[in-house]
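Observations on the model geometry
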Amino acid sequence: MWESTAIASLKEGEAVLDLGSGGGIDIFLAARKVGLSGKVIGIDISEAMLERAAYSAVKNGYKNVEFILGEIEKLPVSNEAVDVVISNCVINLSTDKNQVFREAYRVLRPGGRLVISDFYGGRSSRGG
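In what follows, the accompanying structure is described. (Residues numbered from 1 in each chain as written. Predicted model: local features only at pLDDT ≥ 70, side-chain atom pairs only at ≥ 80, totals over all residues. Heavy atoms only, no water.)

A separate point is the pairing of strand S3 (residues 65-69). As paired strands, strand S2 (residues 39-44) and S3 are joined by five bridges and run parallel to one another. Looking across to S3, one finds that Val40 is bridged to Val65. Taking the sense of rotation as the criterion, the β-α-β connection linking S2, helix H3 (residues 47-59) and S3 turns out right-handed. (Pairing = 2+ DSSP bridges. Helix = DSSP H or I, 4+ residues; strand = E, 2+ residues; numbered from the N terminus. Right-handed = clockwise from strand over helix to strand, strands pointing away.)

Enumeration according to the criterion identifies four salt bridges in this entry. A salt bridge links Glu66 to Lys39, with the shortest nitrogen-to-oxygen separation between them at 2.7 Å. With a gap of 27 residues between them, Glu66 in strand S3 and Lys39 in strand S2 connect regions that are remote in the sequence. Its relative accessible area of 37% is what places Lys39 among the partly exposed residues. With a closest N to O distance of 3.0 Å, Arg109 and Asp83 form a salt bridge. Taken together, the residues span a long stretch of sequence, with Arg109 in strand S5 (residues 108-117) and Asp83 in strand S4 (residues 82-88) at a distance of 26 residues. Taking the relative accessible area as the measure of exposure, Arg109 reaches 32% and is therefore partly exposed. (Salt bridge = Lys/Arg side-chain N within 4 Å of Asp/Glu carboxyl O. Buried < 20%, exposed > 50% of the residue type's maximum accessible area, 1.4 Å probe, protein only.)

By themselves, these figures tell us nothing about what the structure is for.
Here you go:
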């Protein structure tokens, strides 16, 4: 499994936003890296997944995480609120990828990082 957090070079104290956080696996990995002085926010459109992630957070003692119901095309996060935006195989599901990237850059602080792992399927010039 490819992890966005593995290549994000997360540092103690950073604020991280995970687009399409699902059950929270990347959130919990990031939370360990940023420590209690940092914060990790997960955005997902599924209430069931957010409930599952919140339950896991409480069960495992994560105090520096937050889960928010929302769409990645219209992030419920303030401008310049995070140091790093991560996403693991979610942006490809959006019908408006340009809007996702506009939103990601809006919430990033100056000098922030966008780290994604995703898939793209398109036609090649060879007709594939």
